[in-house]
Amino acid sequence: MNTETIDNIKMIAETAREFAEKNIRPNIMEWDESQTFPKDLFHQLGEMGFMGIVVPEQYGGSGLGYHEYVTILDEISQVDPSIGLSVAAHNSLCTNHIYEFGNEEQRNKWLPQLASGKVIGAWGLTEHNTGSDSGGMSTTAVKDGDEWIINGAKNFITHAISGDIAVVMTRTGEIGAKNNSTAFVLENGMPGFASGKKENKLGMRASETAELIFDNVRVPDSHRLGEVGEGFKQAMKILDGGRISIAALSLGTARGAYKAALKYAKERHQFGKSISEFQAINFMLADMATEIDAAELLIQRASTLKNAKQKMTKEGAMAKLYASEACVRISNNAVQIFGGYGYTKDFPAEKFYRDSKLCTIGEGTSEIQRLVIGRDITK
């Protein structure tokens, strides 16, 4: 990166950090305990330009690249990973899908609203019986004149209740057939389009997760993204970038846990000295710092390729795999360093620990990342 880009990233990091400290930190545990999705906060994030980060300015976005995007997610997630998760889902899934595969009319219709934060986006791929096996999805779209009739359900969908629009993958061919999926944009208020059960989660509790339900929803053909049958291919390309998002979320979560543990280790004294001076704790902190730097380098490599519009399927999967698993290890060690206090809600370690696990599951499990990497390196 050149000096101008580095300076710009530093400025963006400071802006995101100040926003998170002022508007997010005071509310972390209240939102977590009540499982409140703070929708008004996301309107504020939109005013900051954080809800359309990589969307070009002509569509109302900030027109930034993936290095800046990762920086914003990192800073927010250091304070509250659940807010980072929702920012990531809105930007990289719903909004980016419309930008990447929508026509000019569709981009101009939906992107300015999404980038402003006035409209919250959701993205529907996963179903109750089809997670990674999305080729067998049961949600169908059947053509009826100039409309499509959609039936089925999606689960584990971020912003399923509070979202205003959703990009939804449907099956328009036979189960298991090639090119059997098509993507549509659905708007809140369409008859038959509703939300269902809200999940009671271990962590990331301020990021809303629920079902989307489709009961004979009539959708105009003008809401179709790309050609019929391209939905699955589109989704896989979106998930390439989504892996960078979850890697960045993991990085911020890990860094937040590490910073909290380092501060505590320096302040906590036993036998006349800080516990950070004991080799067992000192080595643990050293490993945490090293893994954070390694994860960041993998993420930056994937981001550079993404900015250059080069293939980065393997590199994104590597970044996501390593960063998410390092995040769990680091958060676990943070609890250990805090000792008994790490097991209480009065200190930040336990929340980072609860939040961290989602990173190895969301947008493709660690096992799927290894499958993607393995296929790439052996083909």
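The name recorded for the chain in an unreviewed UniProt entry is Cyclohex-1-ene-1-carbonyl-CoA dehydrogenase, from Chryseobacterium joostei. As its UniProt record puts it under Sequence similarities (unreviewed entry), the chain is described as follows: "Belongs to the acyl-CoA dehydrogenase family." In its Cofactor (unreviewed entry) section, the UniProt record describing the chain reads: "FAD".

### Details of the overall build of the chain
Summing up its helical and strand segments, the chain has 11 helices and 10 strands in all. Computed over its C-alpha atoms, the radius of gyration of the chain comes to 21 Å, within 12% of the 21 Å expected for a compact globule of 379 residues. C-alpha extents for the chain along the principal axes are approximately 80 × 45 × 40 Å. Relative to its 379 residues, the chain shows a buried fraction of 55%. A total of about 16400 Å² of accessible surface is found on the chain, and carbon and sulfur atoms cover 51% of it.

### Describing helix 5 (residues 81–101)
In an α-helix, one full turn covers 3.6 residues, which means residues spaced three or four apart are oriented alike. The end-to-end C-alpha separation of helix 5 is 28 Å, in line with the 30 Å expected for 21 residues at 1.5 Å each. Taken across its 21 residues, helix 5 has 19 buried, putting it largely inside the fold.

### Comments concerning the packing of helix 3 (residues 39–47) against helix 5
In contact at an axis separation of 12 Å, helix 3 and helix 5 are set at 60 degrees when each is read in the N-to-C sense. With respect to helix 5, the axis of helix 3 lies oblique. For the crossing formed where helix 3 meets helix 5, the hand is right-handed. Taken together, the residues of helix 5 that come into contact with helix 3 (itself represented by Leu 41, Phe 42 and Leu 45) are Ile 83, Ser 86 and Val 87. Looking at the contact of helix 3 with helix 5 residue by residue, the classes come out as 5 nonpolar, 1 polar and no charged.

### Brief notes about the pattern of salt bridges
Inspection of every chain in the model, using the stated rule, returns 23 salt bridges. Among the salt bridges present, the one from Asp 164 reaches Lys 39, with a minimum N-O distance of 3.5 Å. One end of the pair, Asp 164, is in the loop between strand 3 (147–158) and strand 4 (165–171); the other, Lys 39, is in helix 3, with 125 residues separating them in the sequence. The salt bridge partner of Arg 218 is Asp 144, with a shortest N-O separation of 2.8 Å. On the criterion of sequence distance, the pair formed by Arg 218 in strand 7 (residues 209–220) and Asp 144 in strand 2 (residues 140–144) is long-range, its members being 74 residues apart. On the basis of relative accessibility, which here comes to 40%, the residue Arg 218 falls in the partly exposed class. What emerges from the salt-bridge pattern is a single network uniting Asp 32, Lys 345, Glu 350 and Arg 354.

### Details of the UniProt feature "domain: Acyl-CoA dehydrogenase/oxidase N-terminal" (unreviewed entry) in the chain
Within this structure's numbering, the places UniProt gives as "domain: Acyl-CoA dehydrogenase/oxidase N-terminal" (unreviewed entry) are residues 10–118. Structurally, residues 10–118 comprises 72% helix and 0% strand, and the distance from its first C-alpha atom to its last is 27 Å.

### Comments concerning the nonpolar core
Core analysis: the largest hydrophobic core is formed by 65 residues, its most contacted members being Ile 24, Phe 42, Leu 45, Ile 83, Met 288 and Ile 337. Counting residues per element, this core draws most heavily on helix 7 (residues 231–267), at 13 residues. Each of domain 1 (3–120) and domain 3 (232–378) accounts for three or more of the residues forming this core. With residues up to four places along the chain from it excluded, the contact list for Leu 45 reads Phe 19, Phe 50, Met 51, Ile 76, Ile 83 and Val 87. Grouped together as the second largest cluster of nonpolar side chains are 23 residues, Ile 98, Leu 111, Leu 114 and Ala 235 included.

What counts as what
- Residues numbered from 1 in each chain as written.
- Predicted model: local features only at pLDDT ≥ 70, side-chain atom pairs only at ≥ 80, totals over all residues.
- Heavy atoms only, no water.
- UniProt positions renumbered as here; feature names shortened; annotations may be inferred.
- Helix = DSSP H or I, 4+ residues; strand = E, 2+ residues; numbered from the N terminus.
- Rg over C-alpha atoms; globule rule 2.2 N^0.38 Å.
- Buried < 20%, exposed > 50% of the residue type's maximum accessible area, 1.4 Å probe, protein only.
- Areas by Shrake-Rupley, 256 points an atom, 1.4 Å probe, with all protein chains shown as cover.
- Expected span 1.5 Å × (residues − 1).
- Axes fitted to C-alpha atoms, helices over the stretch in contact; angles between N-to-C directions.
- Parallel < 35°, antiparallel > 145°, perpendicular 65-115°, else oblique.
- Left-handed = near helix turned anticlockwise from the far one by under 90°.
- Contact = heavy atoms within 4.5 Å.
- Nonpolar A, V, L, I, M, F, W, Y, C, P; charged D, E, K, R; others polar.
- Salt bridge = Lys/Arg side-chain N within 4 Å of Asp/Glu carboxyl O.
- Core = buried A, V, L, I, M, F, W, Y, C linked by side-chain atoms within 4.5 Å.
- Domains from an automatic or database assignment.

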